Amino acid sequence: MASGNAATASLAGRRILLGITGSIAAYKAAMLCRLLKTAGAEVRVVMTPLAKQFITPLTMATLSKNPILVEFFDPENGAWNSHVSLGEWADCYLIAPATANTLAKMATGVADNLLLTTYLSARCPVVVAPAMDLDMYAHPATQQNLRTLAKRGVRIVEPAEGELASGLTGKGRMAEPDAIAAFVGDLLTEKKKTLAGRRLIVTAGATIEAIDPVRFISNHSSGKMGYAIAGELAARGAEVTLISGRTALPVPPGVERVDVLSAEEMYNAAVRAFERADGAVMCAAVADYTPAEVSDTKLKKGDGELFIRLRRTRDIAAELGARKGGRLLVGFALETDDEEAHAESKLERKNFDFIVLNSLRDAGAGFRGDTNKVTLIDRTGREALPLLSKREVAARIADRIEAFFAR
Ligand code: C5P
């Protein structure tokens, strides 16, 4: 098992070296440290000199229950803070937040503070959680540095989109502490690569159907469930192509993402990828209707009513179902009434191997949230799962997928 509590459970007894750099997101390092400690990890903290301006060593020392390391020498007594032994001590070196400056120095091997010398000597897995303004993050120099680091094996917890300290909104906000802790937990979990050699597609998120250059029709799907599934399948060794509508979610580690907007684009991407796949999980909330004509110019408002004629989109799942042969196909159903009967009819109609039913009637299920309550239905029966995190639901779905391939 690889997710949720299982991921953080794997932090128990592990040694995490937490590196903090000079970003406003350093305040989140306090919560991150607490989460790691609560999960049973031993935490030591190394800070850059500038990081001390954002969060005090006293706070971090109290939370980590260890003295904070900043300088090469203790100025009081001359004791040497060995970056080599710190790097050897750690099971994981987690730099969160990681500024553009520190990432650039890591990529080029600059070693002008203890945090960086420790990076150069660390033999353990290194994880960075970038935090910066959107333009700094998008800058080709930063992107190049991240690619360089990724090629050298540094794992990157992608920043999220959202409001930034500058007041701007965009990508660059450090991932939330619980996501970072789970990422590290996952990394330290020795996962059995039970799906190694399998090529799987996951569709996720909402599609966007243009009305004119400005407006569109879409739905509330956040993509969280599909992203959790893609991450889980990749963690179990599958080669995963995530065909994704627009979301603000980071790409899970090891997953290849193909971005699409409309149902038609998703159809084309899915049909193409399915040619060489062993299976697909259809988690996307695909529009059933799209405007029959898309205006090239912005529709002007008039006094009366406006009618937009819609035409049906193609059903991607049904198309893959018709082509699948002995391959795996998993569907989702979101129902508001007569749930099981509707889901069972989709199981047959779209030729799914099993279908995951969410009911909008259940509290904590469905769109946007981090939890879900689902029933797994196949031709042999129904399994109603309790309310679980989407990561745990993803793990249960992945268990079923493993069982399918083990037949
Ligand atoms: O018929 P309904 O939309 O409720 O079916 C839901 C299932 O079918 C989901 O797995 C969804 O991803 C998939 N689907 C699709 N293409 C469509 C509509 C739904 O793949 N055009």
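Residues numbered from 1 in each chain as written. Predicted model: local features only at pLDDT ≥ 70, side-chain atom pairs only at ≥ 80, totals over all residues. Heavy atoms only, no water.

Colleague: Mind showing me how you'd approach the overall build of the protein chain here?
Modeller: Scanning the protein chain from N- to C-terminus turns up 14 helices and 21 strands. If one aligns the C-alpha atoms of the protein chain with their principal axes, the spans along those axes are about 75 × 60 × 40 Å. Here the protein chain, with 407 residues, has 50% of them falling under the buried criterion. Partitioning the contacts of the protein chain with sequence separation of at least 6, the portion at a separation of at least 24 is 68%. Within the structure as shown, the protein chain displays about 19200 Å² of accessible surface, and the carbon and sulfur contribution to it stands at 52%. One finds the centroid of the 51 positive side-chain charges in the protein chain at a distance of 3 Å from the centroid of its 48 negative side-chain charges. (Helix = DSSP H or I, 4+ residues; strand = E, 2+ residues; numbered from the N terminus. Buried < 20%, exposed > 50% of the residue type's maximum accessible area, 1.4 Å probe, protein only. Contact = heavy atoms within 4.5 Å. Areas by Shrake-Rupley, 256 points an atom, 1.4 Å probe, with all protein chains shown as cover. Lys, Arg positive; Asp, Glu negative; His and termini not counted. Charge placed at Lys NZ, Arg CZ, Asp CG, Glu CD.)

Colleague: Mind showing me how you'd approach the nonpolar core here?
Modeller: A general tendency of soluble globular proteins is for nonpolar side chains to be buried together. In terms of nonpolar packing, the biggest core is built from 35 residues, with Leu 18, Ile 20, Met 60 and Leu 94 touching the most fellow members. If you list the elements that add at least two residues to this core, you get strand S1 (15-20), helix H2 (26-38), strand S2 (42-47), strand S3 (92-98), strand S4 (126-130) and helix H9 (177-188). No other element matches the six residues that H2 contributes to this core. With residues near it in sequence (within four places) discarded, Ile 20 still touches Ala 26, Ala 29, Val 45, Val 46, Met 47, Thr 48, Ala 51, Ile 55, Met 60, Ala 96, Pro 97 and Leu 115. Ranked by size, the runner-up nonpolar core spans 34 residues in total, among them Ile 229, Leu 233, Val 240 and Phe 404. (Core = buried A, V, L, I, M, F, W, Y, C linked by side-chain atoms within 4.5 Å.)

Colleague: Looking at this model, I keep getting lost on helix H10 (residues 224-235). Mind explaining?
Modeller: The α-helix advances 3.6 residues per turn, and as a result positions three or four apart in sequence lie on the same side. The end-to-end C-alpha distance of H10 is 16 Å, a good match for the 16 Å that twelve residues give at a rise of 1.5 Å each. The buried count for H10 comes to eleven of twelve residues, which makes it a mostly enclosed element. Here H10 has its buried residues at Met 225, Gly 226, Tyr 227, Ala 228, Ile 229, Ala 230, Gly 231, Glu 232, Leu 233, Ala 234 and Ala 235. Where H10 ends, the next residue or the one after it, Gly 237, has phi of about 100 degrees, a positive value. (Expected span 1.5 Å × (residues − 1).)

Colleague: Honestly, the domain arrangement of the protein chain in this entry has me stumped. Any pointers?
Modeller: How big an interface is tends to be stated in terms of accessible area lost as the parts join. Split into domains, the protein chain comes out as domain 1 (4-188) and domain 2 (199-405). Computed over C-alpha atoms only, the centres of domain 1 and domain 2 are separated by 34 Å. Taken residue by residue, the interface counts nine residues in domain 1 and seven residues in domain 2. Summed over both sides, the interface of domain 1 with domain 2 buries roughly 660 Å², with 48% coming from carbon and sulfur. Put simply, domain 1 and domain 2 have one salt bridge between them. Across the pair Asp 186 and Arg 391 runs a salt bridge whose closest N-O atoms are separated by 3.0 Å. It is H9 that provides the largest number of residues to the side of domain 1 that touches domain 2, a total of three residues. Tallied by class, the residues present in the side of domain 1 that touches domain 2 amount to three nonpolar, two polar and four charged. (Domains from an automatic or database assignment. Buried area = accessible area lost by both parts, 1.4 Å probe. Salt bridge = Lys/Arg side-chain N within 4 Å of Asp/Glu carboxyl O. Nonpolar A, V, L, I, M, F, W, Y, C, P; charged D, E, K, R; others polar.)

Colleague: Would you take a moment to explain the site of the ligand for this structure?
Modeller: Lining the immediate environment of the ligand, one finds 13 residues, of which Met 282, Ala 284, Phe 332, Lys 346 and Lys 350 sit closest. The backbone of Ile 316 places a nitrogen or oxygen atom 3.0 Å from a nitrogen atom of the ligand. Within the contact set of the ligand, an oxygen atom lies 2.9 Å away from a backbone nitrogen or oxygen of Ala 317. If the ligand stood free it would expose 450 Å²; the protein chains cover 87% of that surface. Sorting the residues of the shell around the ligand by element identifies helix H12 (316-323) and strand S16 (328-335) as the ones contributing at least two each. Its residues assigned to classes, the shell around the ligand comprises six nonpolar, two polar and five charged. (Near = heavy atom within 4 Å. Polar contact = N/O pair within 3.5 Å; in protein donor to acceptor, adjacent residues only side chain to side chain.)

Colleague: I tried to follow the pattern of salt bridges on my own but got confused; where do I start?
Modeller: When their charged atoms lie close together, side chains carrying opposite charge are able to pair. Enumeration over the complete set of coordinates arrives at 24 salt bridges. In this structure, Arg 257 engages Asp 259 in a salt bridge whose closest nitrogen and oxygen atoms are separated by 3.0 Å. Judged by its relative accessible area of 27%, Arg 257 falls in the partly exposed class. In this structure, Glu 293 and Arg 309 form a salt bridge, with 2.6 Å as the shortest nitrogen-oxygen distance. Taken together, the residues Glu 293 in the loop between strand S14 (289-291) and strand S15 (310-312) and Arg 309 in the loop between S14 and S15 connect sequence positions 16 residues apart. The two residues Glu 293 and Arg 309 agree in class, both being exposed. Members of the salt-bridge network, linked through shared partners, are Glu 232, Arg 236, Asp 399 and Glu 402.

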